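What follows is each chain in one-letter form.
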Amino acid sequence: AQSVTQLGSHVSVSEGALVLLRCNYSSSVPPYLFWYVQYPNQGLQLLLKYTSAATLVKGINGFEAEFKKSETSFHLTKPSAHMSDAAEYFCAGNNFGNEKLTFGTGTRLTIIP
Amino acid sequence: KAGVTQTPRYLIKTRGQQVTLSCSPISGHRSVSWYQQTPGQGLQFLFEYFSETQRNKGNFPGRFSGRQFSNSRSEMNVSTLELGDSALYLCASSDSGGASYNEQFFGPGTRLTVL
């Protein structure tokens, strides 16, 4: 069964600093991978997705993620944190033809002014 | 295109009651999935409907059920509510294998509180 692991349930960074949120997947077949962001009392918004077309994926709001098969990782990064980035971030995966998304436990990102 | 809409946004029920939540997918999307989000269990998949048929099912008791109509709108029903059913219920739609590569678009959710 596929699983997604997010290391660190809480991450704090200073405004302007690098954001790094970690995600590892476990699957016999490289899945489709996604990063979603959730603001308080809202649904999930897609930041970016990996679909095997390119290992470095650029998303919205300056975020990007790199798929590394050798490390089974799909970490999310942003060069310079902004106060508006404070939210909860979820890594998720599924396989082609299967809509069921398996989510990580989420990482709450706090930005320190 | 309008996004995924869910009604109602907030709901308060008492134990033993039943509840029906509604989801309208993005126009043209035929797949609708439901997820339960709680602080303790995180985001868990409930079920997925495609062209009025349940195609995938998560590990939830039979009190949780759903259906999809010919216009792709979906409802989920929870019978005999328990305190542990208090959660944010999220609906997501996709065009299922089309150019969006399984990308799912989420609605704002329905916050269910069971007293």
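Above: the structure in question.
The structure reproduced in this document is the subject of the present report. None of these values were measured; they are calculated from a predicted model. Numbers given to residues run from 1 along each chain, matching the order in which its sequence is written. Throughout, the order in which chains and ligands are written sets their labels, letters from A for the former and numbers from 1 for the latter. The model is predicted, so local features are restricted to residues of pLDDT at least 70 and side-chain atom pairs to those at 80 or more, both for listing and for counting; the totals for chains, interfaces and linings are taken over all residues. Excluding hydrogens and water, the side-chain figures rest on all heavy atoms present in the structure.

## Details of the overall build of chain A
Helix numbering and strand numbering both begin at the N terminus, where a helix is a DSSP run of H or I of at least 4 residues and a strand a DSSP run of E of at least 2. Each helix and strand in chain A was counted, giving 0 helices and 11 strands. Put simply, chain A runs from its N terminus to its C terminus through helices and strands in the order β-β-β-β-β-β-β-β-β-β-β. Seen through its principal axes, chain A has C-alpha atoms that stretch 40 × 30 × 20 Å. For chain A, with 113 residues in total, the buried portion stands at 45%. Note on contacts: a residue pair is in contact if any heavy atoms of the two residues lie within 4.5 Å. Here the analysis covers contacts within chain A between residues at least 6 apart in sequence; of these, 56% occur between residues at least 24 apart. Both charge centroids of chain A, one from 8 positive and one from 7 negative side chains, sit 5 Å from each other. Only protein chains enter the calculation, and the probe is 1.4 Å; a residue is then buried if its accessible area is under 20% of its type maximum, exposed if over 50%, and partly exposed in between. None of His or the chain ends enter the tally, which takes Lys and Arg as positive and Asp and Glu as negative. Note on charges: their place is set at NZ of Lys, CZ of Arg, CG of Asp or CD of Glu.

## Side note on the sheet that holds strand β3 (residues 19-26) of chain A
Residue and element names in this part refer to chain A. For two strands to count as paired, DSSP must find a minimum of two bridges between them. Ordered in space as β1-β3-β8-β7-β6, the 5 strands form an open sheet in which the pairing is antiparallel. The open sheet is flanked by β1 (3-7) and β6 (56-58), the only strands paired with a single partner. Between one strand axis and the next, the sheet turns by 20 degrees as a mean value, whatever way the strands run. Whenever a helix is involved, its axis is fitted only over the stretch in contact; in every case the axis is a line through C-alpha atoms, and angles between N-to-C directions fall within 0 to 180 degrees.

## Structural notes on the environment of A:Glu64
Residues and elements named next belong to chain A. Along the polypeptide, Glu 64 turns up in strand β7 (residues 64-68). On the accessibility criterion, Glu 64 (23% relative accessible area) is partly exposed. Sequence separation of Glu 64 and Leu 48 is 16 residues, and the distance between their C-alpha atoms is 7.3 Å. Aside from chain neighbours lying at most four places away, what touches Glu 64 is Leu 48, Leu 56, Val 57, Lys 58, Gly 59, His 75, Leu 76 and Thr 77.

## What about the side chain of B:His29?
Mapping B:His29 onto the fold places it in the loop between β3 (19-24) and β4 (31-38). Polar contacts involving the side chain of B:His29 include one to the main-chain amide nitrogen of B:Ser94, which spans 3.4 Å. Any N or O atom pair separated by 3.5 Å or less is treated as a polar contact, with the protein-specific requirement of one donor-capable and one acceptor-capable atom, and with residues adjacent in sequence counted only for side-chain atom pairs.

## So, the sheet that holds β3(B)
Adjacent strands of a sheet pair through backbone hydrogen bonds, lying either parallel or antiparallel. All names here are of chain B. An order of β1-β3-β8-β7 is seen for the 4 strands of this open sheet, with the pairing classed as antiparallel. The two strands at the open ends of the sheet, each matched to only one other strand, are β1 (5-7) and β7 (64-68). Averaged over all adjacent pairs, the angle separating strand axes in this sheet is 20 degrees, with direction ignored. Relative to β3, β1 runs antiparallel, the two sharing 3 bridges.

## A look at the interface of chain A and chain B
Contacts between chain A and chain B engage 21 residues on the former and 24 residues on the latter. Once two parts are brought into contact, the accessible area they lose, counted with a 1.4 Å probe and summed over both, makes up the buried area. When chain A packs against chain B, close to 1800 Å² is buried across both sides, 51% of that on carbon and sulfur atoms. Its largest share of buried area at the contact with chain B, chain A owes to A:Leu44, A:Glu99 and A:Lys100, together 32% of the area lost on that side. Salt bridge, as used here, is a side-chain nitrogen of Lys or Arg placed within 4 Å of a carboxyl oxygen of Asp or Glu. At the boundary of chain A with chain B, the tally comes to 1 salt bridge. A:Lys49 is the partner of B:Glu103 in a salt bridge, and the nearest nitrogen-oxygen pair spans 2.6 Å. Where chain A touches chain B, the interface holds 5 residue pairs in polar contact (both at pLDDT 80 or more). Put simply, the parts of the chain that give the side of chain A that touches chain B at least two residues each are β4 (32-38), β5 (44-50) and β9 (87-94) of chain A. Examining the composition of the side of chain A that touches chain B, we find that 4 residues originate from one element, β4(A), more than from any other. In the side of chain A that touches chain B, the residues fall into 9 nonpolar, 9 polar and 3 charged. Basically, the charged four are Asp, Glu, Lys and Arg, the nonpolar ten are Ala, Val, Leu, Ile, Met, Phe, Trp, Tyr, Cys and Pro, and anything else, Gly included, counts as polar.

## Some remarks on the state of the cysteines
Residue and element names in this part refer to chain B. Cysteine sulfur atoms that come within 2.5 Å of each other are treated as a disulfide pair. Summed over all chains, the structure comprises 2 disulfides over all chains. The disulfide that involves Cys 23 links it to Cys 91, with 1.7 Å between the sulfurs. Between Cys 23 and Cys 91, the disulfide has an S-S torsion of -60 degrees and is therefore left-handed. With a gap of 68 residues between them, Cys 23 in strand β3 and Cys 91 in strand β9 (residues 87-94) connect regions that are remote in the sequence. For the pair Cys 23 and Cys 91, a shared accessibility class is recorded, and that class is buried.

## Observations concerning the nonpolar core
If you look at soluble globular proteins, the nonpolar side chains tend to sit buried side by side. Residue and element names in this part refer to chain A. To qualify as a nonpolar core, a set must consist of buried Ala, Val, Leu, Ile, Met, Phe, Trp, Tyr and Cys residues joined through side-chain atoms within 4.5 Å. Counting residues in each nonpolar core, the largest one holds 25 residues, and the members touching the most others are Trp 35, Leu 48, Phe 74, Leu 76 and Tyr 89. Elements with a contribution of two residues or more to this core: β2 (10-14), β3, β4, β5, β7, β8 (73-78), β9 and β11 (107-112). Among the elements that take part in this core, β3 stands out by supplying 4 residues, more than any other. If sequence neighbours within four positions are ignored, Leu 76 has contacts with Val 19, Leu 20, Leu 21, Trp 35, Leu 47, Leu 48, Phe 63, Glu 64, Ala 65 and Tyr 89.

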